[in-house]
Structure formats: C-alpha cells, structure tokens
Amino acid sequence: MDPASKLALDAFKNDKESHILIRQEICKSCAEKYCLYVCPGGLYSINEETGELLIEYAGCLECGSCRVACPYGALEWSYPRGGFGVQYRYG
Ligand code: SF4
Ligand code: SF4
C-alpha cells in the first residue's frame, strides 16, 4: 500500500480551535516560508489577497515538522486536546 493510500485511512476528530497558532507579524517578513514545503499534508498556504499564512489545522498529522522547520519561532504548536486530532489506522 502506498503512503497516500495509508494516509487516506486516517481519521480526524476536529477541535473548534486550532492547536497551531501563527504569529503573522513574524511570517510577514519571512522570505523562505519553509512551512509551505515541509508539511506532509500540504496544509500551509498563503492567502493571496492578504499575504497571511494559513493552516488547515484539521488535517494535521501531528508530526511537528513545521515547528522544527521554522527558524523564527513563529509557530505556537501544541498537541490537540485529548480526544481530538488524528487517529492513525495503518501505523
Ligand atoms: S511559520 Fe516560520 S517558516 Fe513559515 S512563514 Fe512563518 S516564519 Fe516563515
Ligand atoms: S505538525 Fe506536521 S502535519 Fe501538522 S501542520 Fe505541522 S508539518 Fe503539517
């Protein structure tokens, strides 16, 4: 089974509030935007109108890559509250 098919088996229970908070004032002056490239779910994007960094937190795989990759400490990252977040079905 390929990785994409395995990921499709995962289930998500979404909280109302994001477990990843973005300090937009820092991201505004970030040229590299590593978060756009490291997230295995491709959950980060840029709002073309406002230039703000967006995160689709509901699809987060809780890998922590974005927090490690950001060199400017712009992400306040915590695990989802108990009972919420991803449930892996295939390792
Ligand atoms: S989260 Fe970090 S890497 Fe991503 S845009 Fe903001 S400052 Fe840059
Ligand atoms: S923790 Fe992993 S899956 Fe979640 S937003 Fe960050 S890079 Fe993407």
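These numbers come from a predicted model, not from an experiment.

Conventions adopted
Residues numbered from 1 in each chain as written. Chains lettered and ligands numbered in written order. Predicted model: local features only at pLDDT ≥ 70, side-chain atom pairs only at ≥ 80, totals over all residues. Heavy atoms only, no water. Core = buried A, V, L, I, M, F, W, Y, C linked by side-chain atoms within 4.5 Å. Buried < 20%, exposed > 50% of the residue type's maximum accessible area, 1.4 Å probe, protein only. Helix = DSSP H or I, 4+ residues; strand = E, 2+ residues; numbered from the N terminus. Contact = heavy atoms within 4.5 Å. Phe/Tyr/Trp six-rings, centres within 6.5 Å; stacked < 30°, edge-to-face > 60°. Lys NZ or Arg CZ within 6 Å of the ring centre and 35° of its normal. Near = heavy atom within 4 Å. Nonpolar A, V, L, I, M, F, W, Y, C, P; charged D, E, K, R; others polar.

Observations concerning the nonpolar core
Here is a general trend for soluble globular proteins: nonpolar side chains tend to be buried in one another's company.
Okay, so step 1: Ranked by internal contacts, the top residues of the largest apolar core, which has 14 residues, are Ile 20, Ile 22, Tyr 44, Leu 53, Ile 55 and Leu 75.
Okay, so step 2: If you list the elements that add at least two residues to this core, you get strand E2 (20-22), strand E4 (53-55) and strand E5 (75-77).
Okay, so step 3: Discounting chain neighbours no more than four positions away, the residues touching Tyr 44 are Ile 20, Ile 22, Cys 35, Leu 36, Cys 39, Leu 53, Leu 54, Ile 55, Cys 66 and Leu 75.

A look at the packing of aromatic side chains
Pairs of aromatic rings are described using the distance from one ring centre to the other and the angle between the two planes.
Okay, so step 1: By the definition in use, this model includes 1 aromatic pair.
Okay, so step 2: On the numbers, 4.9 Å between centres and 80° between planes, the contact of Trp 77 with Tyr 79 is edge-to-face.
Okay, so step 3: Given the relative accessible area of 10%, Trp 77 is considered buried.
Okay, so step 4: Look at Tyr 79 and you get exposed, because its relative accessible area is 58%.
Okay, so step 5: Between Lys 13 and the ring centre of Phe 84, over which it is positioned, the NZ or CZ distance is 5.3 Å.

Some words on the site of ligand 2
Okay, so step 1: If you check the shell around ligand 2, you find 13 residues, and the closest are Cys 39, Cys 60, Cys 63, Gly 64 and Cys 66.
Okay, so step 2: The residue inventory of the shell around ligand 2, partitioned by class, reads 10 nonpolar, 2 polar and 1 charged.

Let's talk about the environment of Pro 80
Okay, so step 1: Here Pro 80 is to be found in the loop between E5 and strand E6 (85-87).
Okay, so step 2: The exposure class assigned to Pro 80 is buried, which follows from its relative accessible area of 16%.
Okay, so step 3: Considered as a pair, Pro 80 and Asn 14 are 66 residues apart in the sequence and their alpha carbons are 8.7 Å apart.
Okay, so step 4: Residues within four places of Pro 80 in sequence aside, it is in contact with His 19, Glu 62 and Gly 85.

Examining unusual backbone geometry
The bulk of non-glycine residues show a negative phi, and the bulk of peptide bonds are trans.
Okay, so step 1: Unlike most non-glycine residues, Lys 33 shows phi in positive territory, near 50°.
Okay, so step 2: Turning to its location among the elements, Lys 33 is positioned in the loop between helix H2 (24-27) and helix H3 (35-38).
Okay, so step 3: Overall, the relative accessible area of 17% leaves Lys 33 in the buried class.
Okay, so step 4: Although it is not a glycine, Glu 62 adopts a positive phi angle of roughly 60°.
Okay, so step 5: Structurally, Glu 62 can be placed in the loop between E4 and helix H4 (65-69).
Okay, so step 6: On the accessibility criterion, Glu 62 (19% relative accessible area) is buried.

A word on the site of ligand 1
Okay, so step 1: Around ligand 1, a shell composed of Cys 27, Cys 30, Lys 33, Tyr 34, Cys 35, Leu 53, Cys 70, Tyr 72, Ala 74 and Leu 75 is seen.
Okay, so step 2: Of the residues that constitute the shell around ligand 1, the class distribution is 9 nonpolar, no polar and 1 charged.

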